[in-house]
Amino acid sequence: MAGVLLAACADEPAPAKARPLPTVEVTGVREIERATTLSAIGTLRANESLMVRPEISARVVSLGFREGQPVRRGQLLVQLDDAQARADMASVEAALALARSELRRATALPADLIARHELERLQAQLAMQQAALARARAVLAKTRILAPFDGVAGLRLFSPGEVVQPGQDLFSLTALQPMKLDVPVPESRAGDVRVGQVVSATIAALPEAAVTGRVAAMEPALDAGSRALRLRVLIDNPGGRLQPGMTARISLATSAPVRVRVVPDQAVVPMGGHQVVFVLGEKNVATAVAVQPGLRVDGLTEIGDALALAAQVVVSGQNKLNKPSQPVRPIPFPAGGADVMP
């Protein structure tokens with residue numbers, strides 16, 4: 001009998017050991033000062049840019065620019081053959097002089113010696129010749145292509161001696177100082193910007209370049225599709241290093257700095273379609289609390305007022321937490337981070 005009892009006792013399972021609590025790292029919710037800045041990204045454009053094209057058909061006689069070199073407003077860029085235009089103007093000037101002389105002789109006669117309609121005809125003839133002279137002068141002026149603004153000449157698409165046609169592309173002219181940057185501002189921040197605000201800009205292609213600018217203009221209405229307000233920012237281009245097409249990020253201060261509550265970025269995790277932070281409560285129970293993350297800068301995320309100041313939150317080890325609320329074994333998370341959020 002004793003042997004049977006011993007055998008039966010040997011077949012009973014040993015009591016299960018309690019599973020250890022998951023170890024997580026925790027830190028406190030902090031309040032820091034954040035500058036109320038507005039950031040936006042856009043693509044740099046030339047301040048002015050056009051393709052130079054002739055308005056008349058004529059042969060190219062000479063050039064007044066070099067490819068890739070600066071030109072000044074009013075500088076002669078291309079001289080077209082003006083022989084025909086000058087001959088036409090001389091002919092019109094002669095006809096005008098004759099019309100003026102005939103009208104002068106007619107008006108000197110007594111009124112009973114010249115019919116009224118003849119006098120009106122001579123007056124109309126003089127007006128027609130004056131209009132013809134203005135037209136001839138306009139055609140002559142079009143044989144000289146002048147720079148409409150200061151800029152840099154592009155690559156030439158024609159040759160001296162070539163007969164160019166109206167509307168033919170000759171070369172581009174681009175003004176690179178200052179540069180334009182059109183950037184969208186969300187509807188919620190549209191009231192924070194105004195014309196004349198100073199901005200700083202960083203250029204992706206020139207990370208070492210620090211440039212400044214100002215808000216030059218704003219659209220009078222928000223875009224109906226994006227609900228954004230478009231700003232036009234003029235960016236300084238020292239040394240002409242900035243080029244159209246480069247990406248630029250601007251930053252401008254909109255008001256005085258504010259105090260905000262933040263947690264490390266890794267404390268905010270997705271769960272059930274929401275962004276949550278595990279908060280340590282009584283008896284070391286970690287509970288998921290939904291938050292609305294704000295600005296993320298330098299490893300810190302704004303969380304609004306969803307969590308109490310100095311509340312302990314889980315920073316690492318959330319992968320061990322498969323329930324919205326469960327006990328944990330907390331250990332301190334290494335402290336660090338600045339007290340000012342840019």
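Okay, the overall build of the chain next. Scanning the chain for helices and strands turns up three helices and 24 strands. What you see for the chain is a C-alpha radius of gyration of 40 Å, clearly larger than the 20 Å of a compact globule of 342 residues, by over 25%. The principal-axis extents of the C-alpha atoms in the chain amount to approximately 160 × 45 × 40 Å. Counting contacts in the chain only where the partners sit at least 6 residues apart, residues at least 24 apart contribute 76% of the total. Taken as a whole, the chain presents about 20200 Å² of accessible surface, with 55% of it coming from carbon and sulfur. Averaging the locations of the 37 positively and 32 negatively charged side chains of the chain gives two centres separated by 2 Å.

Right, let's get into the side chain of Thr301. Inspection of the secondary structure assignment puts Thr301 in strand β20 (residues 300-302). A polar atom in the side chain of Thr301 sits 2.4 Å from the side chain of Asp265. If near-sequence neighbours (up to four positions away) are discounted, Thr301 is found in contact with Arg261, Val262, Val263, Asp265, Val268, Pro293, Gly294, Leu295 and Arg296.

The end-to-end C-alpha separation of helix α3 (residues 116-141) is 38 Å, in line with the 38 Å expected for 26 residues at 1.5 Å each. Every buried residue belonging to α3 is among Leu122, Leu126, Ala132, Leu133, Ala136 and Leu140, and all of these are buried. Those residues of α3 that are buried lie in contact with α2 (83-108) and β7 (144-146).

Turning to unusual backbone geometry, a few remarks are in order. The step from Gln177 to Pro178 runs through a cis peptide bond, and the omega angle for that step is -5°. By the element assignment, Pro178 lies in strand β10 (residues 171-186). One non-glycine residue, Arg227, lies in the positive phi region at around 55°. Structurally, Arg227 is set in the loop between β12 (206-218) and β13 (228-235).

By size, the foremost hydrophobic cluster in this structure holds 25 residues, and its most contacted members are Leu44, Leu181, Ile203, Val233, Ile235, Leu242 and Ile250. Among the elements of the structure, β3 (37-52), β10, β11 (198-203), β12, β13 and β14 (247-253) are those that each provide at least two residues to this core. Discounting residues that sit within four places of it in the chain, Val233 has contacts with Met179, Lys180, Leu181, Val183, Val199, Arg214, Val215, Ala216 and Ile250.

Turning to α2, a few remarks are in order. End to end, α2 covers 38 Å across 26 residues, agreeing with the expected 38 Å (1.5 Å per residue, within 8%). Among the residues making up α2, those that are buried are Ala85, Met89, Val92, Leu96, Ala99, Ser101, Leu103 and Ala106.

Rules of the game
Residues numbered from 1 in each chain as written. Predicted model: local features only at pLDDT ≥ 70, side-chain atom pairs only at ≥ 80, totals over all residues. Heavy atoms only, no water. Helix = DSSP H or I, 4+ residues; strand = E, 2+ residues; numbered from the N terminus. Rg over C-alpha atoms; globule rule 2.2 N^0.38 Å. Contact = heavy atoms within 4.5 Å. Areas by Shrake-Rupley, 256 points an atom, 1.4 Å probe, with all protein chains shown as cover. Lys, Arg positive; Asp, Glu negative; His and termini not counted. Charge placed at Lys NZ, Arg CZ, Asp CG, Glu CD. Polar contact = N/O pair within 3.5 Å; in protein donor to acceptor, adjacent residues only side chain to side chain. Expected span 1.5 Å × (residues − 1). Buried < 20%, exposed > 50% of the residue type's maximum accessible area, 1.4 Å probe, protein only. Core = buried A, V, L, I, M, F, W, Y, C linked by side-chain atoms within 4.5 Å.

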